[in-house]
Amino acid sequence: SSPSLFPSKIVYLPYMGRRRNELTIKSEETSIILGLLSIILAVLLLLSTFVTAPAFDLFRKYIGISSIVGFFLLLNVALRSFGVEYAWSKKSALFGQLLTLIDFSGLLYLLNPETLDKNLNNITGSIGKSIGTLFSDIFSKDVGVLLLLALLFLFVPLALNLSFVTIKEIFVGIGNVLKKI
């Protein structure tokens with residue numbers, strides 16, 4: 001038999017090179033960096049509520065006094081990135097906290113719109129102005145306030161990761177206390 005141009009058996013050698021661990025979104029290093037950035041932003045948000053320095057004007061300009069809610073949101077994001085799991089750091093609770101932040105800003109604007117016109121950095125920020133204006137343009141100011149309050153009553157339990165059964169038990173308990181008064 002004549003030798004073939006193609007060998008009948010091919011031997012594959014395993015690749016013996018060093019495999020590098022790549023930095024991905026779900027890697028531990030990225031989570032730690034996200035957590036540290038979230039903590040830094042959370043502290044800056046909290047300070048922007050109380051300190052009147054030019055460095056904090058950006059936070060007050062966009063979310064105003066609602067930065068207190070933003071502080072808790074970013075703190076919970078940081079804890080989730082560090083791997084701490086509890087009720088307020090679940091994805092649904094974080095989403096509820098974000099919705100509460102937006103809703104609260106809009107509600108503050110509708111309750112006191114003239115404050116924003118005098119000083120943008122005072123109470124609601126531009127996000128609150130946008131949400132409040134949207135609701136007051138689509139509905140009247142009073143209906144907008146009622147709708148944002150209703151949404152707030154939906155978003156806060158979501159932000160606190162409370163089930164409807166727990167909410168019902170809370171209201172029953174409050175009712176029992178009020179009956180005894």
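Residues numbered from 1 in each chain as written. Predicted model: local features only at pLDDT ≥ 70, side-chain atom pairs only at ≥ 80, totals over all residues. Heavy atoms only, no water.

### Describing helix α7 (residues 141–159)
- The terminal C-alpha atoms of α7 lie 26 Å apart, and with 19 residues this matches the ideal 27 Å at 1.5 Å per residue to within 8%.
- Contact partners of the buried residues in α7: α4 (91–111), α6 (125–138) and α8 (164–180).
- Looking one or two residues beyond α7, the residue adopting positive phi is N161, at roughly 60°. (Helix = DSSP H or I, 4+ residues; strand = E, 2+ residues; numbered from the N terminus. Expected span 1.5 Å × (residues − 1). Contact = heavy atoms within 4.5 Å.)

### Side note on the packing of aromatic side chains
- One pass over the full model with this rule turns up two aromatic pairs.
- Here F71 and F72 contribute two aromatic rings whose centre-to-centre distance is 5.1 Å and whose plane-to-plane angle is 70°, an arrangement assigned as edge-to-face.
- Using a relative accessible area of 15% as the deciding quantity, one classes F71 as buried.
- Between F135 and F139, the ring centres sit 6.2 Å apart and the planes meet at 40°, which makes this aromatic pair tilted.
- Its relative accessible area of 16% is what places F135 among the buried residues.
- Owing to a relative accessible area of 34%, F139 belongs among the partly exposed residues under this scheme. (Phe/Tyr/Trp six-rings, centres within 6.5 Å; stacked < 30°, edge-to-face > 60°. Buried < 20%, exposed > 50% of the residue type's maximum accessible area, 1.4 Å probe, protein only.)

### Considering the packing of α4 against α7
- Relative to each other, α4 and α7 sit at 155°, their axes nearing to 8 Å. Taken as axis vectors, α4 and α7 run roughly antiparallel relative to one another. Handedness of the α4/α7 crossing: left-handed.
- Along the lines of polarity and charge, the residues of the contact of α4 with α7 split into 16 nonpolar, six polar and two charged. (Axes fitted to C-alpha atoms, helices over the stretch in contact; angles between N-to-C directions. Parallel < 35°, antiparallel > 145°, perpendicular 65-115°, else oblique. Left-handed = near helix turned anticlockwise from the far one by under 90°. Nonpolar A, V, L, I, M, F, W, Y, C, P; charged D, E, K, R; others polar.)

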